[in-house]
Structures are given as structure tokens and as C-alpha cells.
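Structural overview
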Amino acid sequence: MTKEERLPYLLRTLIIATGGLSALLGIVVLAGWYTHTIILIQVLPTFVPMQYNTALGFLLSGLGVLALVYKLPRLVVVSGGLVATVGILTLIEYIFGVDLGIDQLMMEHYVGVKTSHLGRMAPNTALCFMLTGTTILISYLFARYKWCTLTIGTLGSVVLGLGIIAFSGYMTGLESAYGWGNLTRMAVHTAFGFMVLGIGLFMFAWIKERGQEPTLPYWFPVPIAIVVLTFSVSLWQALHHVPAGDAATNLAPFFMLVFGIVLAFALAMTVNRAQKALSQAASIEKARIMLEARNREIEDLNVTLEKRVKEELATSREKDYMLIQQSRLAAMGEMIGHIAHQWRQPLNLLGLLLVNIKDDFEYDELDKANLDAYTSKAEKLIDKMSATIDDFRNFFHPNKEKEEFSPAKAIEETFKLIEDSFKYENINVTIEEETDVTVSGYPNEYSQVVLNLVNNARDAIKEKGGKDGSIMVNIGRDKGNCVVTITDDGGGIPEEIIEKIFDPYFSSKKEGGGTGLGLYMSKMIIEDNMDGRIDVRNVKGGARFRVLLPVASESNPS
């Protein structure tokens, strides 16, 4: 049995146990009435007996609860209807002072300790049976309605509260807690039976509401308030029957009632806030776990890419081809980090959408319009993430033949892939386009060169130790060449090594910070494969790289 299945199984077992215990209690007391075994009817000689109709009510209530669990609709309707009817008729007898002939209909009573009407159950007992029978009927007849579980849990809590009050009256010797006025008192085992039934009904509402989720239902604060209010009102009613004393004693019931009401609402609000906090914490934890899983996938992919780099180095015979593949895979490793930044916000927004859908569903606010709106937002986020993957795949798809392309467009597509990670690192990138020209070459390889240069600029800014940085990209034209300059404020390149930075395996970064192939490959792509030129020089506060390619044609000459 999995962890998720454990709670529903435990709840179902306890519900069956409460139903069976209630039915067994009724059978035992009924047997006592038929066999004249007084100890089964009346626990102690000074205690109130459980009336015959009360025992019958427990038998039917227990069968009703079991019928709900095992889905026996006819038994649910019959048992719930009979229990509710007996409770209502008994209350009518008390309220209107009539005798409907149901008190000794099936048994002539011979035990009448603290009984105002021979054979008639106590008024609080009748009230509990009315609520129990009504709850059993609602559980079956209105199961498809959202308010059903809240009603079941609330009524079950009232039954539980009344049972606790009566039982505590026996424990404390306060007779007015289990009896109303001079009317028949509730028996001690009757009070125990209602505690069992109340627990069973509450757990039935819980399992219907939450199913596989091991959390308390959203309406849990309501039963909490009901139980406290029931306890307070019953205690207030009991204190009213205490002999009058001084003024402070006479005011005690009033202050007890006010205190109980305030306590009920305070507890309900506290539990509600605690539930919301736990729900938010659970949502955050789920999002954190998802993000960690994505990061592990990215790390695993990076490891795989490193292995592929080593394999290519070991098997390649042509030096140029080997270096191109190594540089490409290294760039892919950096691009994975950029994709992680671009996916983080959509993933967070998707998580929030799920939380909003869940909350709207729980509060019965999820109509078609809201669902369509949430679905539309989710589809847009998924499309954005899918587009990122397509851009990534296209970026690293090699060009086999030369073609005419726009450097401005290639640069724009490159920055679409990395802009989120640069924003995350507080590096501002500005692109100025003075002219729109086309060149002849390999657009994906050109994009890789741009990516290498801006990544180097970013690394220089980070190594400088500043919190913020800026990179300026300018696209212009000079004497038949498209000139792209990339300028950073990363402190520049030491003069003693500036002439070596395009050499293979030479890196100015700290040990382990680079392969020394990025700039070498960039120079080879631009100068050997695309008949262009790339150079570098220091400017105030940083370095400036220039990439020059012959213009093929102009669409908007400046």
C-alpha cells in the first residue's frame, strides 16, 4: 500500500468501525430490554436508562453509516429516514406537549429513572437522532453537490459536541449538562454512542472531500467553531440551573457564553489561516521540487554534453572539424543555462495557475469562463516554452551551404535565447541598428560567434566583481562591410595577452573557466569560412570586438 492510499484506507476502516460500534450498542441495549438485563439498559442504578427507541435509533444509525460505505442506497434511505423521523416526532411531543404513541410502541418500559415520560428518549437525544438521520440522507441524496461535505461535517460535529457535553456531565457530576430542565436525561452510553456517530460522520465527510490527499478539508474550521459553540451553549444552559448565589455567580453563565462565542470564532480563524499557510507551503515545496528536478535534468544533460565533447575529440581526424564540434558543444552547455532562465518564469506561472484552479474549484468558483481563461494562459506559456526549444534546436542546426542572411536578424534571434539569463545577472544589453544589410555565409555559425563574444563580455563583467554591467551591440556599415561591434565595461584585456586571445587553447579566464577555443573558433568561422575579419581593442572601461563581413545587398541603406 502506497503512502497516498494509506489515509483513505485508514479513514474507511474507522468509519466502518464507528458504524459497527453504533449498531452493536443498539443491539446490546435492545437485548437488555427483551431479556430484562438491567445493567445493559442502565449502566448504574442511579444513571438514566437508554430508552428502547434510543437503542433502535443507534442500530439504524449504525446500519445507515455502513450502508453509505458499502453503497447500499435502499438501506441508506430507510435507516436515515426512520432515524430522522423518530427524532423529529419525539421533539414534536416535547415542544407541543402531545403524546403520539411512539414512546412505548414496541416495548412496555419498566425502568423510569430520571425519565419525565416513560419510554420517551431525552430531547437532546431526539435532536441528535434528527441530525444524524438527516446527515445520512444528505450524504446519499445530495452527494453530487459541493456543499454536501461541508453540511455532513458540520452536522456530524454538532452530534459529536452534544455527545461530549452529555458525557462530560456524567464525568463531572453536572446533571444539567446531560438533561434539559426536568425532562428525560440522556443516558451515559447514549452520550458515548453519539460521540462515536459524530466522529464517523465527520470522517465520512473528510474522505468524500479529500480522497487521496492527506490534508484536512477546507471547511475544517467550520466544524471546529460548531463544536466549541455547541459546548459553550450547552455549558451556558447547564450553569443556568445551578442554584443562584452572589452577583458574580449569576453573571458566570453570560460570561461563559460570550467567551465561548469569541473562542469559537478565534479558533476557526486561526485554523483557517494555518490551513492556508500549509497549503501555500505545500505549493512552494512542490514548485521547489519541480525546479530541483529540472536543474538535475540540466546538470545531467551538461554531463552528457561533456562526454560527447570528449568522444568527439578522441574520434575526430580532422582538426578543424574536431574544434568546431567541441566549441559547439561547449556553447550548448551555456545555452542550457539560458534555457533554464527562460523556463523558470513560465514554470512558476504554470504552478500559480494550478494553485488558482485548485482554489477556485474548492470554493466552487471554477466556472467555464474561468477554466477557459486559465487554459488559454497555460497554452500561451507552454507555447512560449516550446518556442524556446525550437529556437534552441534551430540555433545549433548546422548550415551545409552558404546563404544570404541579415546579421541584425541573427543577432536578434541569438539575444532572444539569452536575454533572461543576462537580466538575472543584472547585465544590460543594448542593440543599436544603424543599417539593415545582408551578408553571405552561415547564419547559425555567425550566431555562435555573436554568442561567444557576448558570453565573454558577460564573464569579464562578472570577474571584475561589479554588481551590474552593460554590453553595447552596434550594427553598422563601413566601406562595403557590415560591421558589428560588441563593447563591454568589463575592465578590458591586459595588453600583454591581447594579441594571443585568438590562439587555440589560450584562455585569460581562471583555471577551469574556459577551454580557450571560443575565440579561436570565432576567428576561424568569420575569416576562413565567411571571408570576413574579427579584431579586438581596449576602450575606456572595457573591450570592443569588431566583426566585419562583406555586404551582399542592402534593403534599407543608411
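For the structure itself, consult the block above.
How each quantity is defined
Residues numbered from 1 in each chain as written. Predicted model: local features only at pLDDT ≥ 70, side-chain atom pairs only at ≥ 80, totals over all residues. Heavy atoms only, no water. Buried < 20%, exposed > 50% of the residue type's maximum accessible area, 1.4 Å probe, protein only. Helix = DSSP H or I, 4+ residues; strand = E, 2+ residues; numbered from the N terminus. Pairing = 2+ DSSP bridges. Salt bridge = Lys/Arg side-chain N within 4 Å of Asp/Glu carboxyl O. Axes fitted to C-alpha atoms, helices over the stretch in contact; angles between N-to-C directions. Left-handed = near helix turned anticlockwise from the far one by under 90°. Contact = heavy atoms within 4.5 Å. Nonpolar A, V, L, I, M, F, W, Y, C, P; charged D, E, K, R; others polar. Phe/Tyr/Trp six-rings, centres within 6.5 Å; stacked < 30°, edge-to-face > 60°. Lys NZ or Arg CZ within 6 Å of the ring centre and 35° of its normal.

**Observations regarding the pairing of strand β5 (residues 481–488)**
Among the eight residues in β5, seven count as buried, and that is most of the element. Bridge count between strand β4 (residues 469–478) and β5: eight bridges; the pairing is antiparallel. When the bridges of β5 are listed, R477 appears paired with C482. In textbook terms, the turn of a hairpin is the stretch between consecutive antiparallel strands, and for β4 and β5 this stretch comprises two residues, one of which, K479, has a positive phi near 55°.

**A short note on the pattern of salt bridges**
In the structure shown here, the tally under the stated rule is nine salt bridges. When the shortest N-O distance is used, the salt bridge between K368 and D372 registers 2.9 Å. Of this pair, K368 and D372 both sit in helix α11 (residues 368–395), four residues apart, roughly one helical turn. When the shortest N-O distance is used, the salt bridge between E527 and K523 registers 2.9 Å. Note that E527 and K523 are positioned in helix α14 (residues 518–529) at a spacing of four residues, about one turn of the helix.

**Some thoughts on unusual backbone geometry**
Unlike most non-glycine residues, K71 shows phi in positive territory, near 55°. Its location among the elements puts K71 in the loop between α3 (52–70) and α4 (73–96). A residue is classified by how much of its surface remains accessible, and K71, at 71% relative accessible area, is exposed. Of note, the phi angle at K479 is positive, near 55°, even though the residue is not glycine.

**Topic: the packing of helix α13 (residues 443–464) against α14**
In the contact formed by α13 and α14, the axes pass within 9 Å of each other and the chain directions differ by 145°. The way α13 lies across α14 gives a crossing that is left-handed. Contacts between α13 and α14 pair E445, Y446, V449, N452, L453 and N456 from the former with G518, L519, S522, I525 and I526 from the latter. Considered class by class, the residues forming the contact of α13 with α14 number six nonpolar, four polar and one charged.

**What to know about the packing of aromatic side chains**
This structure, assessed with the given rule, holds 12 aromatic pairs. Here the aromatic rings of F142 and W147 are separated by 5.5 Å at their centres, their planes lie at 40°, and the arrangement is tilted. Plain terms: the ring middles of Y170 and Y178 are 3.8 Å apart, the flat faces sit at 10° to each other, and that makes the pair stacked. The pair Y170 / Y178 is uniform in exposure class, with both members buried. Three or more aromatic residues link up through ring pairs in this structure, and these residues are F47, Y170 and Y178. Positioned above the aromatic ring of Y70 is the side chain of R12, whose terminal nitrogen or guanidinium carbon lies 5.5 Å from the ring centre.

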